[in-house]
Amino acid sequence: MKILQNVSLLPYNTFGLDIKAEHFAEISSVDDLRAGLRAGIQPIFLLGGGSNVLFTQDVEGLVLKNNLRGIQVIREFKNKVWVEVGGGEVWHEFVLWAVANNYGGVENLSLIPGTVGAAPIQNIGAYGVELKDVFVRLNALNLTTGKLKTFNHSVCRFGYRDSIFKREERGKWCITSVVFSLTKAPHRLNTTYGDVSKTLESNGIISPSIADISRAVVQIRSSKLPDPAKIGNCGSFFKNPETDRSVLERILATHPQAPHYPLPEGRVKIPAGWLIEQCGWKGKRVGNTGCYERQALVVVNYGGATGEEVKNLAEAIIESVERGFGVRLEAEVNIWPPL
Ligand SMILES: Cc1cc2nc3c(=O)[nH]c(=O)nc-3n(C[C@H](O)[C@H](O)[C@H](O)COP(=O)(O)OP(=O)(O)OC[C@H]3O[C@@H](n4cnc5c(N)ncnc54)[C@H](O)[C@@H]3O)c2cc1C
């Protein structure tokens, strides 16, 4: 492992921001990781695919790019397998591996950018499935002590785009591997999500395989979301707000058509994209940044934007939604340095 100095992170973040890391190294093993810690450069920032981080300034300390690889079946049951996957594996490549081996459970999560090690951090989710549905445990190395620890499902306290790694354990660990429980055929398929069932139908598929679902999800995502290779972005910039029913009632009084989804304990989820669109942001361009024309949740860098400009646009959107609806949006993207 070689520690480099003053390295541009342009190829390593999907917002396409040309910011610099004071020190940078790629790690391919736990030994590399420990060598990185022994170098004594602080703070350490763990980088996966850079698809959920907005850098607003150059990064002091040491950026470690996770390249820990490996996909291995570690336990075989009658109806399922447990698979251990290196934290630096590309998420979508793991999904393709699972589909090719006819192991089910992650096909709805096809084409989500980033690495396997970052996936538990915000409990990635799409099209009716979340990482927590297939998660068994993860292994992580403490960035202060260098010791490995196993985190089981309940310890991670997964929530909607949330886990302890976004809260009290933030920035303290490198997730080195994740163990998933995947089904053997016959699989429990999840095609309830409107877009998935419609796409399968228009593809003429009546009894879908996991490969059909994966292909349908890839098709939907490619048509809706900007490709970071062409337009810088981190997917959904904001979380869908979860509010008390009284907040929704107030919104319904002026916007009777407001979409909403019931949650336990009388709470409701309101799509952030709808709120943003109502405030007139969808498709709006501000300098080199903008709110994507096909999906208002996505903040984009049309080229040449700074992290600060992207953050300013996100803040303007948050303020305008709060003024218009009394709902404060929360960023899903990790802003660095933290606010
Ligand atoms: C076009 C697009 C579409 C997207 N769609 C979705 C979607 O449908 N659903 C969804 O949930 N997300 C989505 N995302 C967000 C993103 O893909 C996920 O959050 C992904 O898990 C981020 O992985 P990453 O490796 O790129 O993480 P990074 O951006 O590199 O890191 C994110 C955070 O995790 C930390 N981190 C990274 N790796 C590790 C590790 N091994 N150990 C400890 N900490 C670590 C970093 O320090 C940082 O704080 C989308 C992003 C894009 C660009």
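Residues numbered from 1 in each chain as written. Predicted model: local features only at pLDDT ≥ 70, side-chain atom pairs only at ≥ 80, totals over all residues.

*Asks:* Describe the nonpolar core, naming the residues involved and giving the relevant values.
*Replies:* Ranked by size, the top nonpolar core spans 87 residues in total, and within it Val 63, Leu 64, Phe 237, Leu 275, Ile 276 and Val 299 carry the most contacts. When sequence neighbours within four positions are dropped, the list of residues in contact with Ile 276 reads Trp 281, Lys 282, Cys 291, Ala 296, Leu 297, Ile 317 and Val 321. (Core = buried A, V, L, I, M, F, W, Y, C linked by C-beta atoms within 7 Å. Buried ≥ 20, exposed ≤ 12 C-beta atoms within 10 Å, placed from the backbone. Contact = placed C-beta atoms within 7 Å.)

*Asks:* Could you give me a rundown of the packing of helix H4 (residues 194-202) against helix H5 (residues 210-224), with the residues and numbers involved?
*Replies:* Between H4 and H5, whose axes approach to 9 Å, the crossing angle comes to 110 degrees. Taken together, H4 and H5 sit at an angle that is classed as roughly perpendicular. Residues Asp 195, Val 196, Thr 199 and Leu 200 of H4 form the contact with H5, whose participating residues are Asp 212, Ile 213, Ala 216, Val 217, Gln 219 and Ile 220. Within the contact of H4 with H5, the residues separate by chemical class into six nonpolar, two polar and two charged. (Axes fitted to C-alpha atoms, helices over the stretch in contact; angles between N-to-C directions. Helix = DSSP H or I, 4+ residues; strand = E, 2+ residues; numbered from the N terminus. Parallel < 35°, antiparallel > 145°, perpendicular 65-115°, else oblique. Nonpolar A, V, L, I, M, F, W, Y, C, P; charged D, E, K, R; others polar.)

*Asks:* Lay out the domain arrangement of the protein with the relevant residues and their values.
*Replies:* Parsing the protein into structural domains produces domain 1 (4-66), domain 2 (71-224) and domain 3 (232-336). Computed from C-alpha coordinates alone, the two centres of domain 1 and domain 2 are separated by 24 Å. The interface is formed by 12 residues belonging to domain 1 together with 14 residues belonging to domain 2. Listing elements by their share of the side of domain 1 that touches domain 2, those giving two or more residues are helix H1 (30-38) and strand E3 (44-47). No other element matches H1, which puts four residues into the side of domain 1 that touches domain 2. Its residues assigned to classes, the side of domain 1 that touches domain 2 shows five nonpolar, six polar and one charged. (Domains from an automatic or database assignment.)

*Asks:* Describe in detail the pairing of strand E2 (residues 20-27), supporting the description with residues and values.
*Replies:* Regular strands show a simple pattern: their side chains alternate between the two faces of the sheet. Inspection of the sheet shows strand E1 (residues 4-8) paired to E2 by four bridges, in the antiparallel sense. Within the sheet, the bridge partner assigned to Leu 4 lies in E2 and is Phe 24. In terms of strand pairing, E2 meets strand E5 (residues 59-66) through six bridges, oriented parallel. Each bridged residue has a counterpart across the sheet, and for Ala 21 the counterpart in E5 is Val 59. (Pairing = 2+ DSSP bridges.)

*Asks:* Describe the site of the ligand, and please don't skip the residues or the numbers.
*Replies:* Contacts to the ligand come from 33 residues, most closely from Gly 48, Gly 49, Gly 114, Gly 117 and Gly 235. Within the residue set of the shell around the ligand, elements represented by two or more residues are E3, strand E8 (125-126), strand E12 (173-183) and strand E13 (232-236). Per-class residue counts for the shell around the ligand are 17 nonpolar, 16 polar and no charged. (Near = placed C-beta within 6 Å.)

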